[in-house]
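Inside the fold
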Amino acid sequence: MGTPTLSLWAVLVLTVVLVGLWAPCAVSRQPNFIVILADDVGWGDLGANWAETKETPHLDQLAAEGTRFVDFHSAASTCSPSRASLLTGRLGVRNGVTHNFAITSLGGLPLNETTLAEVLQEAGYSTGAIGKWHLGHHGRHHPNSRGFDYYFGIPYSHDMGCTDTPGYNLPPCPPCPRHGTAARVARKDCYTEVALPLFENVTIVQQPVELGSLARRYAEEAARFIQRASDRGRPFFLYLALAHMHVPLTPPLPPAPGRGIYGASLSEMDALVGRIKEVADSLGKGSTLLWFTGDNGPWAQKCELAGRLGPFVGAWQRQRGGSSAKQTTWEGGHRVPALVYWPGRVPARRTSHALLSVLDIFPTLVALAGAALPPNRRFDGLDVSPVLFGQSDVGHKVLLHPNSGAAGKVGGIEALRLAQYKVFYTTGGAMACDGSTGLAERHQPPLVFNLDRDIQEQQPLDVTSREYQAVLPAISRAYTQALQDIAADNVSVADYSQDPAAIPCCNVQHVGCRCRGAHGATRDPHVEKRPPWLCL
């Protein structure tokens, strides 16, 4: 009689041992995630997209070893709203972030919105944000309070503060003042009063930032974060929000003939992405998903310092003056390059024409991590893992495009995509390189373009045509249903109030908030002991 009991006990012990061994294995199978977000990058800035572009060999190799998405869109056409949508899976009309935050902003991404980092952190991930934040820097809006264990970067765009060696801009901006108000030079569109800060977590480690070394620092800190997570045996989520390509930083070398300043900066960004891929591959190919994309299209008013639209020129708008890129709902404003690399899981050398969005990153990574979406809210993004894995090429049936600072209500849904049809209810209002600003026009009935035949958005369908009359009812239904869905949702409201006291400043006694080391030089966090200057 004792033998069966002993055998049962042995089975139970063996089961416990196997479960104990299995649990770490289950955790280790959670993939690592790296999301690289370029700033103001054009669809045509990727050589794999646009043959005229020669400066992106590493990105082109990434495309060859992964899947390239050619109908991929940012969730807005300007910085803060696009980033908020990436980290929440929700449009600005839901998450409250409808336009950019300022250096004096008290608020940021509403605290009742749950970020991708918070979900993955709860699922056992090490989470890091490196680069541009632009979702609020004051108080609890800082990245360390929004689910990121580690942060290294600048709180907003790199032209939103002065530096000692300014990057390229149009018009050019002066360096930071050194000796008081008399030495300050006011320039339109330039921040001359406060130096651009560099943070490590909540500490300002350099003010002003040395722009020429920023790409190197980002690569180094990304590699350190990845190595720390690997050493701890934990999966990681790295959100790398690049300073490139907003306006070019100071290139490390003079531009090569024929490439220009923008081309040199694009090459620098490409090399940085190549370095990150190299670090990810060192962990073992197949353990890390890398997703590269952009926050919106090029900043057209910066002329030769802006990116390449490829074929998405918004010809109808250009003929009437004004921009058809950043800030607008033309394809050039929100159609961005997108690559996904995951050896063994995401097919190599594949091009997908699925209609996808930055909004999809949140639900897709949450599903791949085995986590659950936050309750009591609706999402605009989809879990598109079947598309990533090559099992489907079907994305959104309808994709909404909010106004991002051009004509119309800021954050309002002024355009949408239904299959191959691009629909505009409002156009105009954004400045082009020549200084023209398109006339703000409201369209009722809407302008409709068939992108299958007219990728340049040159000639809208004739409202009396059979094609227009056939598609208009479906467009009207999609638009009405979208607005009703938003109205019925748990919608947040961002605090856009401002106070000069919210400006990050490591030393209010110095002109421009300059932080000085022992010999009057700005401290480099990799050379000297990091100073205890806090912004919170």
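Heads up: the structure comes first, above all this text.
If you're wondering where the values come from, they're calculated on a predicted model, not measured in any experiment. (Residues numbered from 1 in each chain as written. Predicted model: local features only at pLDDT ≥ 70, side-chain atom pairs only at ≥ 80, totals over all residues. Heavy atoms only, no water.)

1. Comments concerning the nonpolar core
To be explicit about the condition: Among buried residues, the Ala, Val, Leu, Ile, Met, Phe, Trp, Tyr and Cys ones that are joined through side-chain atoms within 4.5 Å form a nonpolar core. The buried label goes to any residue with under 20% of its type's maximum accessible area, the exposed label to any with over 50%, and the partly exposed label to all in between, with areas taken from a 1.4 Å probe on protein chains only. By the criteria applied, helices consist of DSSP H or I runs no shorter than four residues and strands consist of E runs no shorter than two, each listed in order from the N terminus. Here, two residues are considered to be in contact whenever any of their heavy atoms come within 4.5 Å of each other.
Core analysis: the largest hydrophobic core is formed by 52 residues, its most contacted members being Ile 34, Ile 36 and Phe 292. Mapped onto this core, the elements with two or more residues apiece are β1 (32-38), α2 (57-65), β5 (150-153), α6 (214-231), β8 (236-241), α7 (260-282), β9 (288-294) and β10 (339-341). If near-sequence neighbours (up to four positions away) are discounted, Ile 34 is found in contact with Ile 226, Phe 236, Leu 238, Ile 276, Ala 280, Thr 288, Leu 289, Leu 290 and Trp 291. In terms of nonpolar packing, the next biggest core, distinct from the first, is built from 50 residues, Val 119, Phe 237, Val 346 and Val 358 among them.

2. Thoughts on the packing of aromatic side chains
Operational definition: Centre distance within 6.5 Å is the pairing criterion for rings of Phe, Tyr and Trp, where only the six-membered ring of Trp is used; planes under 30 degrees apart are then read as stacked, over 60 as edge-to-face, and the remainder as tilted. The rule is short: NZ of Lys or CZ of Arg within 6 Å of the ring centre and within 35 degrees of the ring normal puts a charge over the ring.
Taken as a whole, this structure holds 16 aromatic pairs when the rule is applied. Here Phe 33 and Tyr 125 contribute two aromatic rings whose centre-to-centre distance is 5.5 Å and whose plane-to-plane angle is 5°, an arrangement assigned as stacked. On the criterion of sequence distance, the pair formed by Phe 33 in strand β1 and Tyr 125 in the loop between α5 (116-122) and β4 (126-131) is long-range, its members being 92 residues apart. Owing to a relative accessible area of 0%, Phe 33 belongs among the buried residues under this scheme. An aromatic cluster is present here, built from Trp 133, Phe 148, Phe 237 and Tyr 239 joined pairwise through their rings. Here the guanidinium or amino end of Arg 228 rests over the ring plane of Tyr 150, the centre of that ring lying 4.8 Å away. Across the ring face of Trp 316, the terminal group of Arg 320 is positioned such that the distance to the ring centre comes to 3.8 Å.

3. A closer look at the pattern of salt bridges
Which entries qualify depends on this criterion: Salt bridge, as applied in this entry: a Lys or Arg side-chain nitrogen positioned within 4 Å of an Asp or Glu carboxyl oxygen.
For the coordinates displayed, the defined rule picks out 26 salt bridges. Residues Arg 378 and Asp 485 are paired through a salt bridge, measuring 2.6 Å at the closest nitrogen-oxygen approach. Of this pair, Arg 378 sits in the loop between α10 (361-368) and α11 (385-388) while Asp 485 sits in helix α12 (residues 466-487); the two residues are 107 residues apart in sequence, bridging distant segments of the chain. Residue classification places Arg 378 among the partly exposed positions, given a relative accessible area of 35%.

4. A word on α10
Residue pairs spaced three or four apart in an α-helix point in one direction, given the helix's 3.6 residues per turn. The element α10 is largely enclosed, with a buried count of seven among its eight residues. For α10, the full list of buried residues reads Ile 361, Phe 362, Pro 363, Thr 364, Leu 365, Val 366 and Leu 368. In the stretch just after α10, Gly 370 is the one whose phi turns positive, near 75°.

5. Here's the deal with the packing of α6 against α7
Formally: Fitting a line to C-alpha atoms yields each axis, with helices limited to the stretch in contact; the angle taken between N-to-C directions then spans 0 to 180 degrees. These descriptions rest on fixed angle ranges, namely under 35 degrees for roughly parallel, over 145 for roughly antiparallel, 65 to 115 for roughly perpendicular, and the rest for oblique. Definitions for this section: a left-handed crossing has its near helix turned counterclockwise from the far helix by less than a right angle. A right-handed crossing has that turn clockwise. Polar here means any residue outside two lists: the nonpolar Ala, Val, Leu, Ile, Met, Phe, Trp, Tyr, Cys and Pro, and the charged Asp, Glu, Lys and Arg; Gly therefore counts as polar.
Viewed as axis vectors pointing N to C, α6 and α7 meet at an angle of 10°, and their least axial separation amounts to 10 Å. When the axis of α6 is compared with that of α7, the two are roughly parallel. Between α6 and α7 the crossing geometry is right-handed. On the side of α6, the interface is formed by Ala 215, Tyr 218, Ala 219, Ala 222, Ala 223 and Ile 226, while α7 contributes Glu 268, Leu 272, Arg 275, Ile 276 and Val 279. Each residue belonging to the contact of α6 with α7 can be placed in one class, and the counts come to nine nonpolar, no polar and two charged.

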